[in-house]
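Listed below are the residues making up each chain.
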Amino acid sequence: MENQAAAVADAAAAAPGSNPYGFGALIDHGTGISYTVLGILALMSLISWYIIFTKFWDQYRMGKSAKIVEKQFWAAATPKEGAERLEKDDDFRFVAESALRAAAHHEGRLNDRISLNDWLAMALQRSVDNVNSKLSNGLSFLATVGSTSPFVGLFGTVWGIMNSFTSIAQSNDTSLAVVAPGIAEALFATAIGLVAAIPAVIAYNKLTTNLGRTSQRMAFAIDDLATQMTRRTGRGLTAEAAE
């Protein structure tokens, strides 16, 4: 502790115009615990931003795809033709093709006891659940970062204050050169914890709101699709889906 305080004091004397208690000094003269805390918070922040960008991009593509569905899918003569108009990796196409496969397999002793409408509704709901699961993947990590990173920063804060008191006790000196290094670690740990938490919380709330709207839109879409498909004759629909 004395060596850390002396190093910071020497840096202040050698470069009076610089900030010996800033982030650079923390990197140069930090402890193993402070490096660990900063590394964990930096990793949590980087992963959070990756999830934020990818999820917003997925939701943007989903919204764009929904507009294409309104223009192309529902304008098609049959559900099969409408599905073929969509891109192969489109989530709406995945849902529509799942309905077509379900209609083609609505045969056999067990399925005879289930109406075509119920059978399609179950198949469509499973497909929508898979899409929603894919869209919500990673949101739990954002919630975890938003709730835990301030406490990780708080641990760094407590550790920095402990270092300050230890330096005072060992040197019997209450000057700024002795106290400042630990306080700097404490303040930076708190700040970085908030920097990691705040974007994660904001993005989590926004993404979950958008996901709820997307789920509602898809629920309406599968209802319309199931209605349209069950209005067709069971034999004709099965033949169409098997083509």
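Residues numbered from 1 in each chain as written. Predicted model: local features only at pLDDT ≥ 70, side-chain atom pairs only at ≥ 80, totals over all residues. Heavy atoms only, no water.

**Focus on the overall build of the chain**
Per the secondary structure count, the chain includes 10 helices and 0 strands. Starting at the N terminus and ending at the C terminus, the chain contains elements arranged as α-α-α-α-α-α-α-α-α-α. A burial count over the chain gives 40% of its 243 residues as buried. Long-range pairs, those at least 24 residues apart, make up 74% of the contacts in the chain between residues at least 6 apart in sequence. (Helix = DSSP H or I, 4+ residues; strand = E, 2+ residues; numbered from the N terminus. Buried < 20%, exposed > 50% of the residue type's maximum accessible area, 1.4 Å probe, protein only. Contact = heavy atoms within 4.5 Å.)

**Re empty space enclosed by the protein**
Counting across every chain of the model gives 4 cavities of 30 Å³ or more. Roughly 110 Å³ of volume is contained in the largest cavity. Lining the largest cavity are 11 residues, with Phe73, Phe92, Val95, Ala221 and Leu225 sitting closest to its centre. For the lining of the largest cavity, the element with the highest residue contribution is helix 9 (residues 176-231), accounting for 4 residues. A breakdown of the residues in the lining of the largest cavity according to their chemical character gives 11 nonpolar, no polar and no charged. (1 Å grid on protein atoms, 1.4 Å probe; cavity = no way out; pocket = protein on both sides within 12 Å on 5 of 7 lines; lining within 4 Å. Points joined across faces, edges and corners; volume = space filled by probe spheres on them. Nonpolar A, V, L, I, M, F, W, Y, C, P; charged D, E, K, R; others polar.)

**Describing the packing of helix 3 (residues 32-73) against helix 5 (residues 91-104)**
Interhelical geometry of helix 3 versus helix 5 gives an angle of 55 degrees and a closest axis separation of 9 Å. Judged by the inter-axis angle, helix 3 sits oblique to helix 5. Where helix 3 abuts helix 5, its residues Met62, Ser65, Ala66, Val69 and Phe73 lie against Asp91, Phe92 and Ala96. (Axes fitted to C-alpha atoms, helices over the stretch in contact; angles between N-to-C directions. Parallel < 35°, antiparallel > 145°, perpendicular 65-115°, else oblique.)

**What about the nonpolar core?**
The tendency in soluble globular proteins is for nonpolar side chains to be buried as a group. Counting residues in each nonpolar core, the largest one holds 34 residues, and the members touching the most others are Phe73, Phe92, Val95, Leu124, Leu142 and Met218. Where this core is concerned, the elements lending two or more residues are helix 3, helix 5, helix 7 (116-136), helix 8 (139-171) and helix 9. If one sorts the elements of this core by residue count, helix 9 sits on top with 8 residues. Valine 95 has contacts with Leu124, Ser127, Val128, Val131, Met218 and Ile222, leaving out every residue within four places of it along the chain. (Core = buried A, V, L, I, M, F, W, Y, C linked by side-chain atoms within 4.5 Å.)

**Concerning the confidence of the model for the chain**
Averaged over every residue, the pLDDT of the chain is 75; the share at 70 or more is 72%. For residues 1-9, every residue scores under 50 in pLDDT, and the model assigns this stretch 19 contacts once sequence neighbours within four places are set aside. For residues 233-240, every residue scores under 50 in pLDDT, and the model assigns this stretch 14 contacts once sequence neighbours within four places are set aside. (pLDDT = per-residue confidence, 0-100.)

**Some remarks on the side chain of asparagine 210**
Tracing the backbone shows asparagine 210 in helix 9. For asparagine 210, a relative accessible area of 15% gives the class buried. Non-local contacts of asparagine 210, meaning those with residues more than four positions away in its chain, are made with Phe56 and Gln59.

**As for the environment of tyrosine 35**
In this structure, tyrosine 35 sits in helix 3. Residues tyrosine 35 and alanine 189, spaced 154 residues apart in sequence, show a C-alpha to C-alpha distance of 9.8 Å.

**Quick look at the layout of surface pockets**
One number sums up the size of the largest pocket: a volume of about 330 Å³. Elements with a minimum of two residues in the lining of the largest pocket: helix 3 and helix 7. Here the lining of the largest pocket gets 9 residues from one element, more than from any other, and that element is helix 3. Phe56, Gln59, Tyr60, Met62, Gly63, Ala66, Phe92, Asn210, Arg213, Thr214, Arg217 and Met218 together form the lining of the second largest pocket. In terms of residues, the lining of the second largest pocket owes the most to one element, helix 3, which gives 6 residues.

**With respect to helix 8**
With 33 residues, helix 8 should cover 48 Å at 1.5 Å per step; its first-to-last C-alpha distance of 48 Å lies within 8% of that length. When the local axis directions of helix 8 are compared, the greatest deviation, roughly 35 degrees, occurs at threonine 148, which is followed within four positions by the proline proline 150. For helix 8, every residue scored as buried is listed here: Leu139, Leu142, Val145, Gly146, Ser149, Gly153, Gly156, Thr157, Gly160, Asn163, Ser164 and Ser167. Downstream of helix 8 by a residue or two, asparagine 172 has a phi angle that is positive, lying close to 50 degrees. (Expected span 1.5 Å × (residues − 1). Bend = angle between axes of the 7 residues up to and from the residue.)

**A closer look at the environment of serine 149**
In this structure, serine 149 sits in helix 8. Residue serine 149 is classed as buried on the basis of its relative accessible area, which comes to 0%. Measuring from C-alpha to C-alpha, the distance between serine 149 and isoleucine 192 comes to 8.6 Å, with 43 residues separating the pair along the chain. Setting aside residues up to four positions removed in sequence, serine 149 forms contacts with Leu41, Met44, Thr144, Gly193, Ala196 and Ala197.

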